[in-house]
Amino acid sequence: MKHMESSLSRLAIRVPWVLLGLVAAFCVFTLAAGCQKDEKAGAPGPPAVEVVDVVQKDVPIYYEWVATLDGFVNATIRAQVTGYLVKQNYGDGDLVKKGQVLFEIDPRTFEAALGQAKATLDQSKAGVELQEARWATAKANLARVKPLAEQNAVSQKDLDDALGTEQSTRASVLAAQASVAAAQAAVDKAQLDLGFTKIISPIDGIAGIAKAQIGNLVGPGAVDELTTVSTVDPIKAYVAISEQEFMKAAEKQGAQREKLPLELILADGAVYPGKGEMAYADRQVDVRTGTIRVAAIFSNPNNILRPGQFARIRAVIEVKKGALVIPQRAVTELQGKYLVAVIGPGSEVKIKSVKPGARFGQLWVIDQGLEAGQKVVAEGTQKVRDGMVVNPKPFGAEAPAGPAAAQTPGVKPEVKPQSKPEKR
């Protein structure tokens with residue numbers, strides 16, 4: 001009996017270990033089967049990419065230049081006489097009219113100078129009258145002595161004295177008249193200086209913030225001007241363009257026999273509603289930069305545009321007929337070369353080198369390397385290789401083309417981050 005109980009005890013001890021071994025073996029078998037199934041199901045397929053067609057269309061070629069706005073006329077207002085500023089008759093930034101008094105200088109000194117000049121003039125006029133009376137007497141005396149001298153009724157000395165007196169009094173009259181002219185000039189100068197105490201605007205325009213305060217001593221020797229008045233309607237925009245661009249624009253304008261229309265793009269990216277035109281070019285090309293300064297004119301009825309603003313000027317120089325265009329994101333730059341992944345027969349990728357031209361919106365003109373109707377990879381270019389088979393799908397995020405960023409190859413475009421060519 002005891003032997004039987006001992007055997008049962010040993011059997012009870014062994015059973016859990018056997019069961020545990022069976023469970024472990026079952027788990028290993030199941031895991032191995034699952035791994036084999038995963039290996040068979042996980043075979044990778046062709047990578048999915050998004051493709052677009054190479055489109056052929058007429059593309060306008062835009063040139064863009066950085067411009068600086070300036071007033072059509074800028075009048076620097078300075079004091080022409082020295083004195084203390086006693087009044088400012090306009091508000092800073094106001095529209096002012098031609099002839100409007102902007103500042104006033106204390107006039108008392110100049111009023112006194114004018115009074116003194118007028119007194120000197122009166123004194124000179126009185127001197128002229130006195131000398132003219134003496135001359136009249138001398139002439140009458142000479143007229144009386146001459147006949148007597150001919151009859152030897154008076155001596156030759158009397159005749160000479162009368163002649164000398166007449167000549168000297170005539171010279172005195174001329175000197176007195178010169179004094180009157182000088183005194184009149186002094187009066188005019190004093191009158192002019194008194195007028196300069198009222199500083200007026202020579203043009204219609206916008207007056208800037210005054211740089212002199214009431215009570216300041218101002219004058220011609222002052223370093224700073226009092227203010228500046230600018231005519232801003234119309235307003236000028238200065239650009240520096242290359243010789244080649246200038247010649248092409250001149251040819252385009254000459255062919256059209258009219259002014260080349262210009263667009264102004266403001267700092268916030270908005271296109272100014274008014275069209276402009278080229279007004280004039282500088283007389284020479286800058287030998288240091290190879291550019292020529294050109295001025296364009298834009299209407300500015302609401303005075304929105306102000307001198308000193310930066311903007312961009314854009315013009316359509318030509319229209320490229322039948323150009324091949326693809327999204328900029330489909331082009332990859334590698335060590336100075338531009339590459340495009342073309343989808344061939346059997347969805348096989350062929351990496352081709354292309355020659356890009358002008359940008360048109362978010363599209364890029366391809367001058368060489370592609371044909372119309374071909375499909376190129378627009379999304380997923382970073383995961384394709386030459387000869388790889390892919391799963392092409394239509395590109396669903398293609399941005400519409402527009403002239404907002406159209407540029408020539410020689411002008412660095414402004415491209416959004418998602419539109420920049422990907423680096424390999």
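See the structure above.
Worth saying up front: this structure is predicted, and the values here are computed from it rather than measured.

Engineer: What is the right way to read the overall build of the chain from this model?
Structural biologist: Counting its regular elements, the chain contains 4 helices and 20 strands. Split into buried and exposed, the 424 residues of the chain put 35% on the buried side. Taking all contacts inside the chain whose residues are at least 6 apart in sequence as the whole, residues at least 24 apart take part in 78%. A total of about 25300 Å² of accessible surface is found on the chain, and carbon and sulfur atoms cover 57% of it.

Engineer: Which parts of the structure should I look at to understand the environment of Ser-299?
Structural biologist: The topology assignment puts Ser-299 in the loop between strand 12 (291-298) and strand 13 (310-327). Considering only alpha carbons, one finds Ser-299 and Ile-235, 64 residues apart in sequence, at a separation of 6.4 Å. Residues within four places of Ser-299 in sequence aside, it is in contact with Asp-233, Pro-234 and Tyr-272.

Engineer: Could you clarify how one ought to interpret the nonpolar core in this entry?
Structural biologist: In a soluble, globular protein the nonpolar side chains are often hidden away together inside. Formed by 34 residues in total, the largest nonpolar core has its most connected members in Leu-264, Phe-298 and Ile-313. Once residues within four sequence positions are removed from consideration, Ile-313 is found in contact with Tyr-63, Glu-64, Trp-65, Ala-67, Ala-237, Val-239, Leu-262, Glu-263, Leu-264, Ala-296 and Phe-298. Of all hydrophobic cores here, the second largest spans 29 residues; its members include Ile-105, Ala-117, Ala-183 and Val-218.

Engineer: Is there a simple way to explain the pairing of strand 5 (residues 101-105) in this structure?
Structural biologist: Side-chain positions along a regular strand alternate between the two faces of the sheet. Counting buried residues in strand 5 gives 4 out of 5 residues, a clear majority hidden from the surface. By the bridge criterion, 3 bridges tie strand 3 (residues 83-88) to strand 5 in an arrangement that is antiparallel. Considered in strand 5, the bridge of Leu-85 is made with Ile-105.

Engineer: Looking at this model, I keep getting lost on the environment of Glu-225. Mind explaining?
Structural biologist: Note that Glu-225 resides in the loop between strand 8 (217-218) and strand 9 (227-242). Its relative accessible area of 15% is what places Glu-225 among the buried residues. Residues Glu-225 and Ile-77 lie 148 residues apart in sequence; the distance between their C-alpha atoms is 5.9 Å. For Glu-225, the residues in contact, after removing those within four places along its chain, are Thr-76, Ile-77, Arg-78 and Lys-211. Within the structure, Glu-225 has its side chain in polar contact with the side chain of Lys-211 (distance 2.9 Å).

Engineer: What is the right way to read helix 3 (residues 156-196) from this model?
Structural biologist: The terminal C-alpha atoms of helix 3 lie 60 Å apart, and with 41 residues this matches the ideal 60 Å at 1.5 Å per residue to within 8%. Residues of helix 3 that are buried include every one of Leu-159, Ala-162, Glu-166, Thr-169, Val-173, Ala-176, Val-180, Ala-183, Val-187, Ala-190, Asp-193 and Leu-194, and no others. Contacts from the buried residues of helix 3 go to helix 2 (108-150) and strand 6 (198-200).

Engineer: Got a minute to help me understand the sheet that holds strand 6 in this structure?
Structural biologist: Note: strands within a sheet are paired through backbone hydrogen bonds, in either parallel or antiparallel orientation. Spatially, 6-5-3-8 is the arrangement adopted by the 4 strands of the open sheet, whose pairing is antiparallel. At either margin of the open sheet sits one strand with a lone partner, and together these are strand 6 and strand 8. With 2 bridges joining them, strand 3 and strand 8 adopt antiparallel strand pairing. Within strand 8, the position partnered with Gly-83 by the bridge is Val-218.

Engineer: Help me out: how do you make sense of the pairing of strand 1 (residues 48-53) in this one?
Structural biologist: Of the pairings in the sheet, the one linking strand 1 to strand 19 (residues 391-394) comprises 4 bridges and is parallel in character. Looking across to strand 19, one finds that Ala-48 is bridged to Asn-391. Across 4 bridges, the pairing between strand 1 and strand 18 (residues 375-379) is antiparallel. From the neighbouring strand, Asp-53 faces strand 18, where its bridge partner is Lys-375.

Engineer: Before we go on, may I ask you to explain empty space enclosed by the protein in this structure?
Structural biologist: Any empty space left between the atoms is revealed when a probe the size of a water molecule rolls over them. Summed over the entire model, instances satisfying the criterion amount to 1 cavity of 30 Å³ or more. Counted as a void, the largest cavity has a volume near 50 Å³. As for the largest cavity, its lining consists of Trp-65, Val-239, Ile-241, Leu-262, Met-278, Val-294, Ala-296 and Ile-313. Sorting the residues of the lining of the largest cavity by element identifies strand 9 and strand 12 as the ones contributing at least two each. Its residues assigned to classes, the lining of the largest cavity shows 8 nonpolar, no polar and no charged.

Engineer: How should the packing of aromatic side chains be read in this particular structure?
Structural biologist: With the rule as written, the count across this model stands at 3 aromatic pairs. With a centroid separation of 5.6 Å and an interplanar angle of 85°, the aromatic rings of Tyr-90 and Phe-103 are classed as edge-to-face. One end of the pair, Tyr-90, is in the loop between strand 3 and strand 4 (95-96); the other, Phe-103, is in strand 5, and 13 residues separate them in sequence. With a relative accessible area of 7%, Tyr-90 lands in the buried category.

Calculation rules
Residues numbered from 1 in each chain as written. Predicted model: local features only at pLDDT ≥ 70, side-chain atom pairs only at ≥ 80, totals over all residues. Heavy atoms only, no water. Helix = DSSP H or I, 4+ residues; strand = E, 2+ residues; numbered from the N terminus. Buried < 20%, exposed > 50% of the residue type's maximum accessible area, 1.4 Å probe, protein only. Contact = heavy atoms within 4.5 Å. Areas by Shrake-Rupley, 256 points an atom, 1.4 Å probe, with all protein chains shown as cover. Core = buried A, V, L, I, M, F, W, Y, C linked by side-chain atoms within 4.5 Å. Pairing = 2+ DSSP bridges. Polar contact = N/O pair within 3.5 Å; in protein donor to acceptor, adjacent residues only side chain to side chain. Expected span 1.5 Å × (residues − 1). 1 Å grid on protein atoms, 1.4 Å probe; cavity = no way out; pocket = protein on both sides within 12 Å on 5 of 7 lines; lining within 4 Å. Points joined across faces, edges and corners; volume = space filled by probe spheres on them. Nonpolar A, V, L, I, M, F, W, Y, C, P; charged D, E, K, R; others polar. Phe/Tyr/Trp six-rings, centres within 6.5 Å; stacked < 30°, edge-to-face > 60°.

These values are about where atoms sit, not about what they do.
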